[in-house]
There are 2 protein chains.
Amino acid sequence: MEFTAEKVIEGVSQREFTISVKDESVPCVIWTPVVADGPRPLVAMGHGGSQHKKTPGIRRRAIDYATRHGWATLAIDAPGHGDRISREEAARLSREVRDRVNGRSGSTPFSKDRLQMMARRSVQALPEWQAALDAAQALDFIGDSEPVGYWGVSMGTAIGVPLVAIEPRFCCAVFGLAGLRDGADDFRAAASNIRIPVQFVFQWDDAVAPRKTGLALFDAFGSSEKTMHINPGAHVAIPAFESRAWDDFYQRHFEKAARAQDT
Amino acid sequence: MEFTAEKVIEGVSQREFTISVKDESVPCVIWTPVVADGPRPLVAMGHGGSQHKKTPGIRRRAIDYATRHGWATLAIDAPGHGDRISREEAARLSREVRDRVNGRSGSTPFSKDRLQMMARRSVQALPEWQAALDAAQALDFIGDSEPVGYWGVSMGTAIGVPLVAIEPRFCCAVFGLAGLRDGADDFRAAASNIRIPVQFVFQWDDAVAPRKTGLALFDAFGSSEKTMHINPGAHVAIPAFESRAWDDFYQRHFEKAARAQDT
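Quick caveat: nothing in here was measured; it's all calculated off a predicted structure.

## Describing empty space enclosed by the protein
- For the structure on display, the rule yields two cavities of 30 Å³ or more.
- Surrounding the largest cavity, 13 residues form its lining, Gly46, His47, Ala78, Trp129 and Ile159 of chain A being those nearest its centre.
- Looking at the lining of the largest cavity, the elements that each hand over two or more residues are helix H3 (112-137) and helix H4 (155-166) of chain A.
- Here the second largest cavity is characterised by a volume of approximately 60 Å³.
- Residue lining of the second largest cavity: Gly46, His47, Ile76, Ala78, Pro79, Ala125, Trp129, Tyr150, Met155, Gly156 and Ile159 of chain B, and that is the complete set.

Here's what the structure looks like:
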């Protein structure tokens, strides 16, 4: 693997690379401490609709994780997002998602067409994520001996749930800002196949994911350890203190995984 | 005030005292670091039904709070609980509550009689809590210049919601394991009068508090910052990691209150 760009931000190394999956180039980015020898826990972060792999929320936490804990963070551009589309397409997508999030969409937020498009995107994203994990774990400063967590809300949950359902490398996952609709049978089946600990963050006044769909998704997760955090407010208004809860969640499960390995 | 008993547990001072409120003696206990000079944040902890002021869950966290943060913890026996009843009455109460929690109660868990009894108990408990707070804050190693938080689940919420609604000393509150039933209009009004940050922990398979009553209570809180943590399992099975979330919650709001005072 060759890095296509490297820079240091707030003392954290940000390296970009591209992998090729089924004739598609998938742009990836990885953050680690600048001085990083040997294996370390990895958080895979799936961005939301219209966002991209280096979206500020992901980069901010990647830098914090590297600084506070020495963890690595991996993010990739989802199909039809980030560097995989033109600036003009990205701007249009951003407007569309903003309208949907603000409840201003002309169509219902999740029409049958949209559900099918989302399902196709998830199907495409799965082998891309798996190839990106392979590439990241092949790096000597990440390796494959340390625990791996998943984080992704909104579209990051739409893609993340089927991914986590089939990918045994993840030991815990944060999902959120998404629900389970009637008829989304594949998504329901994927959620029920998940057995690892899940933290599920949900906004109580979300124009995209109505309350009962959020509760239905929480119910569908097959995990015996699962927690739903409900806060008032709209789709994009997750309170800042939830990121502290994610940090604690990963710390707890990474330590547990490390202890399990030692015995 | 005279202390009726004093001992040191795991390096933390446990002092008992009694206050007199409306011809009733109310047994109280306070935990602080052994070396405690000057004012410090205070957590008031309301125990659950059939429990008492030194119930293991409360004492455990009181010791942790004193050790980790230097905070004081205050607990009192609720009306008809702890040292306010005989051992035989306490044993009978314990069996009754156990049956209710396990869904084995002969009567519906919250009959009209029971709701009225609970309302009377809360009315009685309010001035007792306020007098206990007065007594605690009169101690030079607690004082009245530092933030005060409330913690109480189950009966600790039944009493705590009306208490926090009228008592301006609290800057934040943890509630849980309780719901809002149809007809509990006073309880609803109290919840909606609460404006301070609330963390509300709820068990998704609770025989005492059905899901929709829990969601209704969360909705009723008047606070702009409120978070509901839902976990699978029965009434008494709150996962251990939630106590870490409470710790973070108090830390965050005590620091915020201290900063607000400084400016």
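From this point, the discussion proceeds with the structure in view.
## Here's the deal with the relation of the copies chain B and chain A
- At an RMSD of 0.0 Å, chain B and chain A line up after a rotation of 180° and a shift of 0.0 Å along the axis. In symmetry terms, the pair is related by a two-fold rotation axis. Of every C-alpha in chain B, the one belonging to His229 of chain B sits nearest the axis of rotation, 2.4 Å from it.
- Comparing interface residues between copies, 100% of those in chain B also lie at the interface in chain A; the contact surface is shared.

## Let's talk about the packing of helix H1 (residues 56-69) of chain A against helix H7 (residues 241-262) of chain A
Residues and elements named next belong to chain A.
- Remark: H1 packs on H7, axes separated minimally by 12 Å, with the N-to-C direction vectors making an angle of 50°. On the basis of the axis angle, H1 is oblique to H7. Remark: the crossing between H1 and H7 carries right-handed chirality. Residues Arg61, Tyr65, Arg68 and His69 of H1 pack against Ser243, Trp246, Asp247, Tyr250 and Gln251 of H7.

## Let's talk about the interface of chain B and chain A
- The interface of chain B with chain A comprises 19 residues on the first partner and 19 residues on the second.
- Regarding the contact of chain B and chain A, the summed buried area is about 1600 Å², with carbon and sulfur atoms giving 57% of it.
- Linking chain B to chain A there are four salt bridges.
- Between Asp248 of chain B and Arg244 of chain A there is a salt bridge, with its nearest N and O atoms 3.0 Å apart.
- Applying the counting rule to chain B against chain A returns 11 residue pairs in polar contact (both at pLDDT 80 or more).
- The set of elements that each furnish at least two residues to the side of chain B that touches chain A consists of helix H6 (211-220), strand S9 (226-231) and helix H7 (241-262) of chain B.
- When grouped by side-chain class, the residues that make up the side of chain B that touches chain A number seven nonpolar, four polar and eight charged.
- Where strand S9 (residues 226-231) of chain A meets S9 of chain B, three bridges bridge the pair, whose relative direction is antiparallel. Paired with His229 of chain A across the strands is His229 of chain B, a residue of S9 of chain B.

## Some words on the pairing of strand S7 (residues 170-176) of chain B
Residue and element names in this part refer to chain B.
- Most of S7 sits out of view: seven of its seven residues are buried.
- Chirality of the crossover, the property in question, places the unit of strand S6 (residues 148-152), helix H4 (residues 155-166) and S7 among those that are right-handed.
- Of the pairings in the sheet, the one linking S7 to strand S8 (residues 198-203) comprises four bridges and is parallel in character. Opposite Val174, over in S8, you have Gln199 as the bridge partner.
- Each parallel crossover has a hand, and the one from S7 via helix H5 (residues 185-193) to S8 is right-handed.

## Concerning H5 of chain B
Residue and element names in this part refer to chain B.
- Listing the buried residues of H5 in full gives Phe187, Ala190 and Ala191. Down the axis of H5, the sector holding all buried residues measures 100°, keeping them to one side. Opposite the buried face of H5, by more than 90 degrees, sit the exposed residues Asp185 and Asp186.
- Those residues of H5 that are buried are in contact with H4 and H6.

## A look at a nonpolar patch on the surface
- Judged by side-chain polarity, Val8, Val34 and Val35 of chain A come together as a nonpolar surface patch covering roughly 290 Å² of accessible area.
- Its place among the elements puts Val35 of chain A in the loop between strand S3 (24-33) and strand S4 (42-46).

## A short note on the side chain of Asn231 of chain A
- If you trace the backbone, Asn231 of chain A turns up in strand S9.
- At 2.8 Å, the side chain of Asn231 of chain A and the side chain of Glu242 of chain A are in polar contact.
- Contacts of Asn231 of chain A, omitting those with residues within four sequence positions, involve Val201, Phe202, Gln203, Trp204, Pro239, Phe241 and Glu242 of chain A together with Lys226 and Thr227 of chain B.

## Details of the nonpolar core
- Within the largest apolar cluster, 106 residues are counted, with the highest numbers of intra-cluster contacts made by Leu74 and Phe175 of chain A together with Leu74 and Phe175 of chain B.
- If near-sequence neighbours (up to four positions away) are discounted, Leu74 of chain B is found in contact with Phe17, Cys28, Val29, Ile30, Leu42, Val43, Ala44, Met45, Trp129, Ala132, Leu133 and Ala136 of chain B.
- Listed in part, the 24 residues of the second largest apolar core include Val29, Val43, Ala75 and Trp246 of chain B.

## Concerning the packing of aromatic side chains
- Inspection of the entire model under this criterion finds 32 aromatic pairs over all chains.
- Ring geometry for Trp129 of chain B against Tyr150 of chain B: centres 6.1 Å apart, planes inclined by 75°, an arrangement best described as edge-to-face. Here Trp129 of chain B, found in helix H3 (residues 112-137), pairs with Tyr150 of chain B, found in strand S6; they are 21 residues apart in sequence, far enough to count as distant.
- The exposure class of Trp129 of chain B is buried, given its relative accessible area of 3%.
- The ring of Phe3 of chain A has Arg15 of chain A lying over it, and the distance from NZ or CZ to the ring centre is 5.5 Å.
- When the ring centre of Trp151 of chain B is taken as origin, the NZ or CZ atom of Arg61 of chain B, which lies over that ring, is 4.1 Å away.

Here is what the cut-offs are and how they apply
Residues numbered from 1 in each chain as written. Chains lettered and ligands numbered in written order. Predicted model: local features only at pLDDT ≥ 70, side-chain atom pairs only at ≥ 80, totals over all residues. Heavy atoms only, no water. 1 Å grid on protein atoms, 1.4 Å probe; cavity = no way out; pocket = protein on both sides within 12 Å on 5 of 7 lines; lining within 4 Å. Points joined across faces, edges and corners; volume = space filled by probe spheres on them. Helix = DSSP H or I, 4+ residues; strand = E, 2+ residues; numbered from the N terminus. Least-squares fit on C-alpha atoms with pLDDT ≥ 70 in both. Contact = heavy atoms within 4.5 Å. Axes fitted to C-alpha atoms, helices over the stretch in contact; angles between N-to-C directions. Parallel < 35°, antiparallel > 145°, perpendicular 65-115°, else oblique. Left-handed = near helix turned anticlockwise from the far one by under 90°. Buried area = accessible area lost by both parts, 1.4 Å probe. Salt bridge = Lys/Arg side-chain N within 4 Å of Asp/Glu carboxyl O. Polar contact = N/O pair within 3.5 Å; in protein donor to acceptor, adjacent residues only side chain to side chain. Nonpolar A, V, L, I, M, F, W, Y, C, P; charged D, E, K, R; others polar. Pairing = 2+ DSSP bridges. Buried < 20%, exposed > 50% of the residue type's maximum accessible area, 1.4 Å probe, protein only. Right-handed = clockwise from strand over helix to strand, strands pointing away. Arc of directions from axis to C-beta. Patch = residues over 30% accessible without salt bridge, like charges linked within 9 Å, V, L, I, M, F, W, Y side chains within 5 Å. Areas by Shrake-Rupley, 256 points an atom, 1.4 Å probe, with all protein chains shown as cover. Core = buried A, V, L, I, M, F, W, Y, C linked by side-chain atoms within 4.5 Å. Phe/Tyr/Trp six-rings, centres within 6.5 Å; stacked < 30°, edge-to-face > 60°. Lys NZ or Arg CZ within 6 Å of the ring centre and 35° of its normal.

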